[in-house]
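# Topology and contacts: notes
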Amino acid sequence: MTLYRNIMIILLITLGITGCNAEKPQENLSAATVSDQRIINADHEPQNWLAHGRTFDQQRYSPLDQINVKNIKDIGLDWHFDFDTHRGLEATPIVINGVMYVTGSWSRVYALNAVTGRLLWEYDPKVPGKWAVNACCDVVNRGVAVWQGKVYVGTLDGRLIALDAKTGKVIWDVMTIDKKLPYTITGAPLVARGKVFIGNGGAEFGVRGYVSAYDALTGKMVWRFFTVPGDPKKGFEAPILEKAAKTWHGEWWKLGGGGTVWDSMTYDPDLDQLYIGVGNGSPWNQAIRSPGGGDNLFLSSIVALKPDSGKYVWHYQTTPGEMWDYTATQQMISADLKINGKMRKVLMQAPKNGFFYILDRKTGALLSAKKYVKANWASHVDMATGRPVENPKARYYDNPWLAFPNPLGGHNWQSMSYNPNSHIVYIPAQEVPFLYAPDKNFKVVHPGVNLGADLAAASMPDDKTAKRQVMAMIKGHISAWDPVQQKELWRVQHPGPWNGGLLNTKGNLLFQGNAAGTFVAYDSRNGEKLWSFPAQTGIIAAPVTYSVGGEQYVSILAGWGGVFPLLAGEAALKSGKVSNNSRILTFKLGGRDKLPPWKYTEAYFPQPPAGTGNPKQIATGNGLFHHFCSSCHGDKAVSAGVLPDLRYSSALQDDRWFDITLGGILKDNGMVSFKTALNKKQLEAIRQYIILRAQILKRSKESNNK
Ligand code: CA
């Protein structure tokens, strides 16, 4: 009897322990029943990755530990899925009951069997190729939200769409933007309180930021919160905007003002608050945007809103009167932490500006702020006022300023990961310099970026020694950050920046894909490298982990792209040359799948035409190129593995150059006509500039061959 009872107890314990892992598909845990309550209780179903950050608190920590530090060496690729696109992949998959819901580039949505990688359905919102010119940072998308049998996606051209999770059929489709303006959506929607929250991007082009809430069932708009005030003569949409308008000068509304909420939002079920991360000013240069200065609320702020009404609760501004593209759109992690001996409900953010902030979620009060990377625009944050103590020279009104961080930020959208037991935050951090110089001839253009900063001045130097010095300053790392002490415990150094988002697990593992094209597992306690996989492409997205039928999987989107390889030219080659091979890679213990053999090959470099440009024309071309072209075609016309390198283009040879740049024959690929912004003479100057860059490349190839 005792033996029988003991066996039963052992059996029950075994079932109890693995019970939450050895799940069979359960209808009650399917996509059809995802609710706030299920996401709040996400730890009761650790096999599923229910929401963008797994949980509402955006911690990106998984309680699964079947794969752990002891057996990580035994994991292998189990399946891969090839996308038929070749642009950046930034999405976090959602996995529920053995089904993976994920977005690729161009806002396309895919549902896959999470065990086999078999495609269940695909939805293409058919974003017009020409809309790509409104995207600062590649035609990327960071993922879907799933709730009550629906899959929600925001599209690059500004729509919010609800799909049937079973079939991929459209349930509703609403336009969230004014199509006359260069708005884009790349962020994942957030669903809570029966509403879908969505923001947008466009602050490099001249828009006004806002967040909207839509009824998750019907798609009807419930409220909209603008992050910057509009024209005061037209009245204010919310009382708080009247106060915010006092922090602005000039006629900012004509320039848009910026403040787009293009990535992070966090719902707080404890306090029933929605936190939104607000972006940079538009244009960047405050002397143009708000002559006379001012804090320019709510740029670069975290704003707390009531999710049911959109009513303002509190805000904290990280960078008052920002002018360096220092967005506060980065991930906001909520947690309970003991600060100065007292338990606090906190919100943590490592925004672009280089400081790690801890706020009290109830009040928005600043609890602490310390630099997590090199930052020279401010010495520290004054705890009495909550404001940064700036270096006055950093405001490049008249003179250039060599800054850390650069517009990529000390940390960007790539997800951090937080361990709620050890209280360590893992930050995909980077240190990159940038010369901010005023654009003395600013005028609003379309297409093209409207920054008020001169990107040509910030170009990579030609001089070999100077270039070597700049390249040596460009770095990236993982920082294991203790938020209570506000200090780094250890770091994993990378050759360059723009590495992927992070995931840490109960198995003491920390996963990251990187810019050099490798997916790596580290010991999350000390950063020791335990396992790696050559991914054949740069990785920027964050991994997830889930379990089906008692087996744990780790999955990641691999596909080089985003703003860095589009814009940064040679700097974006710091970690080595990679290209875009867009895939989902999924691993498990004993996985035996193999990628097809592949080797990086240089594109064929044709003989460039002889240039006819004189120095004045080429100087004009240089300025125009870096105003209109470099944000996609790279600093100094150097492409870093995503878009074709213009120096290799046969269109430099003849009138096809004008068919493309004026005639718009490649608009469906994203290359629109620039006839509204540039005339033929100016486009010829740009052509002569690129021919010169091609000639320089030719000479360097010849001297390397000698
Ligand atoms: Ca920006």
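Residues numbered from 1 in each chain as written. Predicted model: local features only at pLDDT ≥ 70, side-chain atom pairs only at ≥ 80, totals over all residues. Heavy atoms only, no water.

## Some words on the overall build of the protein chain
- Along the protein chain, the regular secondary structure elements total 9 helices and 39 strands.
- For 706 residues, the compact-globule estimate of 2.2 N^0.38 gives 27 Å, and the C-alpha radius of gyration of the protein chain, at 25 Å, lies within 12% of that figure.
- For the protein chain, the spread of C-alpha atoms along the three principal axes comes to 100 × 60 × 50 Å.
- Looking at the protein chain residue by residue over its 706 residues, the buried ones come to 63%.
- In the protein chain, once contacts between residues fewer than 6 apart in sequence are set aside, the share between residues at least 24 apart is 63%. (Helix = DSSP H or I, 4+ residues; strand = E, 2+ residues; numbered from the N terminus. Rg over C-alpha atoms; globule rule 2.2 N^0.38 Å. Buried < 20%, exposed > 50% of the residue type's maximum accessible area, 1.4 Å probe, protein only. Contact = heavy atoms within 4.5 Å.)

## A short note on the state of the cysteines
- Counted under the stated rule, the structure contains 1 disulfide.
- Put simply, C136 and C137 are joined by a disulfide, and their sulfur atoms are 2.2 Å apart. The sign of the -105° torsion about the S-S bond sets the C136-C137 disulfide as left-handed.
- Residue classification places C136 among the partly exposed positions, given a relative accessible area of 24%.
- The thiol sulfur of C629 is not disulfide-bonded, and the nearest other cysteine sulfur, from C632, lies at 9.2 Å.
- Overall, the relative accessible area of 15% leaves C629 in the buried class.
- Free of any disulfide, C632 has its nearest neighbouring cysteine sulfur in C137, separated by 9.0 Å. (Disulfide = S-S within 2.5 Å.)

## A few points about the pairing of strand β24 (residues 366–371)
- Summarising the sheet, strand β23 (residues 355–360) and β24 pair through 5 bridges and their orientation is antiparallel. Looking at β24, one finds that F355 is bridged to K371.
- Once β23 ends, the chain turns through 5 residues before running back antiparallel as β24, passing G364 with a positive phi of about 80°. (Pairing = 2+ DSSP bridges.)

## A look at the sheet that holds strand β19 (residues 301–305)
- Pairing is antiparallel in the open sheet, where 4 strands are placed in the order β16-β17-β19-β20. The open sheet is flanked by β16 (265–268) and β20 (312–317), the only strands paired with a single partner. Pairwise comparison of adjacent strand axes, ignoring direction, gives a mean angle of 15° for this sheet. (Axes fitted to C-alpha atoms, helices over the stretch in contact; angles between N-to-C directions.)

## Describing the confidence of the model for the protein chain
- Of the residues in the protein chain, 96% reach a pLDDT of 70 or more, and the chain-wide mean stands at 95.
- Scored below 50 in pLDDT, residues 1–23 makes 15 contacts in the model with residues more than four places away or belonging to other chains. (pLDDT = per-residue confidence, 0-100.)

## A few points about helix α7 (residues 615–633)
- Across its 19 residues, α7 extends only 22 Å between first and last C-alpha, which sits more than 12% below the 27 Å expected from 1.5 Å per residue.
- The largest bend in α7 amounts to roughly 55° and is located at H626.
- Turning to α7, its buried residues are I618, G621, L624, F625, H626, F628, C629, S630, S631 and H633.
- Residues of α7 that are buried make contact with α6 (563–567) and α9 (680–705).
- Positioned one or two residues after α7, G634 has a phi angle of 90°, which is positive. (Expected span 1.5 Å × (residues − 1). Bend = angle between axes of the 7 residues up to and from the residue.)

## Examining the coordination of the calcium ion
- At 2.3 to 2.8 Å from the calcium ion lie its protein donor atoms, namely E204 (OE), E204 (OE), N280 (OD1) and D325 (OD).
- Between consecutive donors of the calcium ion, the numbers of intervening residues give the motif E-x75-N-x44-D. With N280 in the loop between β17 (273–277) and β18 (281–282) and D325 in the loop between β20 and β21 (332–339), this residue pair connects regions lying 45 residues apart in the sequence. With respect to class, N280 is no different from D325; both count as buried. (Donors = N, O, S within 2.8 Å, 3.2 Å for Na, K, Ca; no water.)

## So, the packing of α7 against α9
- Their axes nearest at 7 Å, the elements α7 and α9 cross at an angle of 95°. Our classification of the angle between α7 and α9 gives roughly perpendicular. From α7, Q617, I618, T620, G621, N622, L624, F625, H626 and C629 reach across to α9, where they touch Q682, E684, A685, I686, Q688, Y689, I690 and L692. (Parallel < 35°, antiparallel > 145°, perpendicular 65-115°, else oblique.)

## Some details on the domain arrangement of the protein chain
- As assigned here, the protein chain comprises domain 1 (60–87 + 413–433 + 474–600) and domain 2 (615–704).
- Taking the mean C-alpha position of each, domain 1 and domain 2 sit 34 Å from one another.
- Counting residues at the interface gives 15 residues for domain 1, matched by 11 residues for domain 2.
- Taking both partners together, domain 1 and domain 2 bury about 990 Å²; carbon and sulfur atoms supply 61% of that area.
- The three residues of domain 1 that bury the most area against domain 2 are R87, L566 and L567, which together make up 47% of that side's buried surface.
- Inspection of the region where domain 1 meets domain 2 yields 0 salt bridges. (Domains from an automatic or database assignment. Buried area = accessible area lost by both parts, 1.4 Å probe. Salt bridge = Lys/Arg side-chain N within 4 Å of Asp/Glu carboxyl O.)

## Looking at empty space enclosed by the protein
- Applying the stated criterion across every chain, the model contains 4 cavities of 30 Å³ or more.
- Here the largest cavity is characterised by a volume of approximately 310 Å³.
- Among the elements of the structure, β7 (145–147) and β11 (190–192) are those that each provide at least two residues to the lining of the largest cavity. (1 Å grid on protein atoms, 1.4 Å probe; cavity = no way out; pocket = protein on both sides within 12 Å on 5 of 7 lines; lining within 4 Å. Points joined across faces, edges and corners; volume = space filled by probe spheres on them.)

## Describing the environment of H52
- Secondary-structure assignment places H52 in the loop between α2 (36–40) and β1 (61–62).
- As a C-alpha pair, H52 and V146 span 94 residues in sequence and 9.3 Å in three-dimensional space.

## Notes on the packing of aromatic side chains
- Summed over all chains, the structure comprises 36 aromatic pairs.
- Measuring from ring centre to ring centre gives 5.0 Å for F83 and Y110, while their planes differ by 80°; the resulting arrangement is edge-to-face. Linking F83 in the loop between β2 (75–82) and β3 (94–96) with Y110 in strand β5 (residues 109–113), this pair joins segments that are 27 residues apart in sequence.
- Both rings, one in W531 and one in F587, keep their centres 5.3 Å apart while their planes meet at 85°; by these two values the pair is edge-to-face. Of this pair, W531 sits in strand β36 (residues 529–534) while F587 is found in strand β39 (residues 583–589), placing the two residues 56 residues apart along the sequence.
- Look at W531 and you get buried, because its relative accessible area is 9%.
- By relative accessible area, which is 0% here, F587 ends up buried.
- What links up through ring pairs into an aromatic cluster is the set Y316, W324, Y326, F355, Y357 and W377. (Phe/Tyr/Trp six-rings, centres within 6.5 Å; stacked < 30°, edge-to-face > 60°.)

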